[in-house]
Structures are given as C-alpha cells and as structure tokens.
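# Reading the structure
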Amino acid sequence: MLTVKEIQTLPKVELHEHLDGSLRPSTIIDLAKERGIGLPETDAEKLGAWFRKGSERKSLTLYLESFSITTAVMQDRQALERTAREEMEDLAADGVVYAEIRFAPSLHTAGGLSMDEVVRAVLDGLQEGRRKTGTEFGLILCAMRHESPAISLKVAELCAAYADRGVVGFDLAGDEAGNPAKKHIEAFEYIRRKNFNITIHAGEAFGTESIWQAIQICGAHRIGHGTRLIDDMKIEDGRITRMGSLASFVLDKRIPLEMCLTSNVGTGAVESYEAHPFPLFYRSKFRVFLCTDNRLMSGTSLSNELAIASQRYGLGINDIEKITINAMKSAFCHHDKKLDLIYNVIKKGYAEKREAWGL
C-alpha cells in the first residue's frame, strides 16, 4: 500500500477535474473581498470545511449548492486567469504531468463577459500555469444539460474555434434526470463533423440508459463517472459472471471511464468506497482510471484518490502506473504527445521510483 506522500512523487494524469470545483479557499476569500461578495465564512480553513459539507453529509443538493459561490467570484478576466493559473500550480504540486480541466463558459458571463472572452481568459491562465510548472494541459468546455440546445451549440462552436489554442474536448454536464443528452444532439453532430472529442457525464445519478444514449446517440468517446454501468452486469462472489450488451460494448471498444471515488461517495452516487464499482471494473480489464472531479467540494486530490484505491483495494505501484497509462492513452491530446508523455515521463518516472524504493 502506498501513502499520499509517496503517490505525490509519482507522475500522474488527471482527466476529470472541474475548474469551478477546485479553487483555493484563500483565493475565494480574496476575490470575494475585492468584488464585494458575501461568504458563509471568511477564514480559509472554515470556508474549506463549509464547501465540504455536502460531501460529508452525502447530500447532492448541498454539494451542488456551493458552486454558486465559486462561480460568483469567477465573473471577470482577472479572476478567471488567476483561478486557472492556480489550478495548474496545484496540479503540478500534486505530481500531475498532464491534465484536462473542464468548465462551463456559460456560467461565467454574469459580469458582462462573452463566452468567447471567458474561454480566452481561462486559456491565458492555464498557459501561464504551464509556463510556470511544466505541466501540460488540455481544456474541455462543458455545456449544461438543463440549458437550451442553442447554448450547447455555441459551446460546441467555441470548441472548434479554439481547437488549435488548447481546447481539446466537449462535455455535457449537469443533472441527468429529466435532462437527456439527446436534447443537445445538434451540438454533438456539429462536434462530430469537426472531428473533435466528446466526453459526457453519464451513469452517475441515472442508469444505463444515460450511458447508452451518451455513447450510441451522442457519440461519446469517454464517459464521465459511469458507475451505473454495473447495472448491466451480474455479479457473483465479487466477480462479473454475465454482462449485457452495453457493458460488453464498453469493454470491447475500450471506451474509457473517468471514475471519481470520493465525489461519488460524497454525492451518494455510491453508498461507500467498498461499494464503488471501480475495483471490479479495473480487475475486469475495463479502461478505467481515477480522477478528482472537484478538489474543493470533495476535499481531495488525485494523489489522495489513488491512495484510497491503494489502501482499500490493494493497488500497488504497478497498478497505479497502469491506471496512469490508461488515462494517458485516453487523453484528448494528439498521439505523438501521448507517446512522449507515456515513455519519456510516466514510464521513466515509475522506473526511477521503483529503483529508488528498491522494488
């Protein structure tokens, strides 16, 4: 079993982290004070605890409620650039060598910025962070399930417009229940015509129908969460004894699943770490890897997520390396960058650690 501190020294890949769910409490306090925004707490430690209350109480309502605070302080160029730069600094400090960070531009226009200006501000901050840390990034733009298809199409058009400046994927996020992905089919068709990348939040709080629709109707190349895929399996004595056509398709086609342990437990998507399907999927050779989702709301980090998997599921350094390579293979960057990071950064870094640790 590996500790958080040991895992922090290993190269890692983060593919599912929300920018507005990963701010530093101290930064929220600074930005709120400068902009005259009231906060529930003005001490950084107490504010961090306030943001974690939804996860600790297993309340999706409380968990989502806190995003109104983070988005409120991210409504101008200076705030967007700062939070994006600090996101890169925090990822690098955790040993992340490549990250795909996502956010919904439509949630940051209340201060008068256009969605185009919002995207440019975030990209500027991420690029500054890359220059400072050396960590590579891609930006994923999210449309929201509850918003109009016209807005999701505009987000898709922004993806294509900034495809050569750091945007690597299009996502659909938000409450699955009552908000089917197919409602946004025009945006997905546009993205596919542009030969672009799609990941969709699906199978987190809704069943296999959501995952099926994301893949077969909307053309998702990756699935965010996907925990409910277990509903398409028969499990006996901790092993899969039968799979339905959807689970078989996901396995056979190597469709990646972006899995988030602490977030899923905190929002009630799964009852406990022990009940999470990740270890079952991993042992059954699905293309799975671990992600943070929302570092602030879940009080976690990628190193912490991997340490939980090591301590609860018995994963060792070989497993963590495999999970990391699974993530890098599934990234939306170009193939040559994947190969460079896998062979010259990830494999090299793990080999050096094995030697240093006498493994």
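Located above this text is the structure these notes cover.
Here's a quick rundown of the structure. (Residues numbered from 1 in each chain as written. Predicted model: local features only at pLDDT ≥ 70, side-chain atom pairs only at ≥ 80, totals over all residues. Heavy atoms only, no water.)

Take the pattern of salt bridges next. Should the charged atoms of two oppositely charged side chains come close, the side chains can pair. Applying the stated criterion across every chain, the model contains 29 salt bridges. Salt-bridge contacts for D90 lead to R295; the nearest nitrogen and oxygen are separated by 3.4 Å. Here D90, found in helix 6 (residues 77-93), pairs with R295, found in helix 14 (residues 295-298); they are 205 residues apart in sequence, far enough to count as distant. One network of salt bridges, in which partners are shared, links E17, R24, D30, R82, R85, E86, E87, E89, D90, K132 and R295. (Salt bridge = Lys/Arg side-chain N within 4 Å of Asp/Glu carboxyl O. Helix = DSSP H or I, 4+ residues; strand = E, 2+ residues; numbered from the N terminus.)

Attention shifts here to helix 6. With 17 residues, helix 6 should reach 24 Å at 1.5 Å per residue; the first-to-last C-alpha distance of 24 Å fits that figure. Those residues of helix 6 not exposed but buried are A79, L80, R82, T83, A84, E86, E87, M88, E89 and L91. In this structure, the buried side of helix 6 is in contact with strand 1 (12-18), helix 2 (25-35), strand 2 (96-103), helix 7 (115-133), strand 3 (136-144) and helix 14. For helix 6, the capping residue at the N-terminal end is D76, with a side-chain oxygen 3.2 Å from the backbone nitrogen of Q78. The first or second residue beyond helix 6 is G95, which carries a positive phi of 85°. (Expected span 1.5 Å × (residues − 1). Buried < 20%, exposed > 50% of the residue type's maximum accessible area, 1.4 Å probe, protein only. Contact = heavy atoms within 4.5 Å. Polar contact = N/O pair within 3.5 Å; in protein donor to acceptor, adjacent residues only side chain to side chain.)

Attention now moves to a positive patch on the surface. On the surface, R254, K285, K322, K329 and K347 cluster together to form a positively charged patch. On the secondary structure map, K329 appears in helix 16 (residues 317-330). (Patch = residues over 30% accessible without salt bridge, like charges linked within 9 Å, V, L, I, M, F, W, Y side chains within 5 Å. Areas by Shrake-Rupley, 256 points an atom, 1.4 Å probe, with all protein chains shown as cover. Lys, Arg positive; Asp, Glu negative; His and termini not counted. Charge placed at Lys NZ, Arg CZ, Asp CG, Glu CD.)

Where helix 6 contacts helix 7, the two axes come as close as 7 Å, and the packing angle between them is 35°. Considering how the two elements wind past one another, helix 6 and helix 7 form a crossing that is right-handed. The class makeup of the residues in the contact of helix 6 with helix 7 is 8 nonpolar, 3 polar and 10 charged. (Axes fitted to C-alpha atoms, helices over the stretch in contact; angles between N-to-C directions. Left-handed = near helix turned anticlockwise from the far one by under 90°. Nonpolar A, V, L, I, M, F, W, Y, C, P; charged D, E, K, R; others polar.)

Taking strand neighbours across the sheet as the criterion, the 8 strands line up as 1-2-3-4-5-6-9-10 in an open arrangement whose pairing is parallel. Looking at strand neighbours, the two that pair on one side only are strand 1 and strand 10 (288-290), the edges of this open sheet. For this sheet, the mean angle separating the axes of adjacent strands, direction not counted, is 25°. (Pairing = 2+ DSSP bridges.)

Moving on, we come to helix 2. Residue pairs spaced three or four apart in an α-helix point in one direction, given the helix's 3.6 residues per turn. Considered for burial, the residues of helix 2 that qualify are T27, I28, I29, L31 and A32. Where helix 2 is buried, its residues touch helix 3 (44-56), helix 5 (67-72), helix 6 and helix 14. G36 lies just past helix 2 and shows a positive phi near 70°.

Let us look at the pairing of strand 4 (residues 167-173). Regular strands show a simple pattern: their side chains alternate between the two faces of the sheet. In terms of residue burial, strand 4 counts as a mostly covered element, since 7 of its 7 residues are buried. Judged from the 6 bridges that link them, strand 3 and strand 4 form a sheet pairing that is parallel. Residue pairing in the sheet places L141 in a bridge with F170 of strand 4. The parallel pair strand 3 and strand 4 is bridged by helix 8 (residues 149-161), and the resulting crossover is right-handed. Both strand 4 and strand 5 (residues 198-202) contribute to a ladder of 3 bridges, which runs parallel. Bridging from a neighbouring strand, L172 pairs with I200 of strand 5. Regarding the hand of the β-α-β motif, the stretch spanning strand 4, helix 9 (residues 185-193) and strand 5 is right-handed. (Right-handed = clockwise from strand over helix to strand, strands pointing away.)

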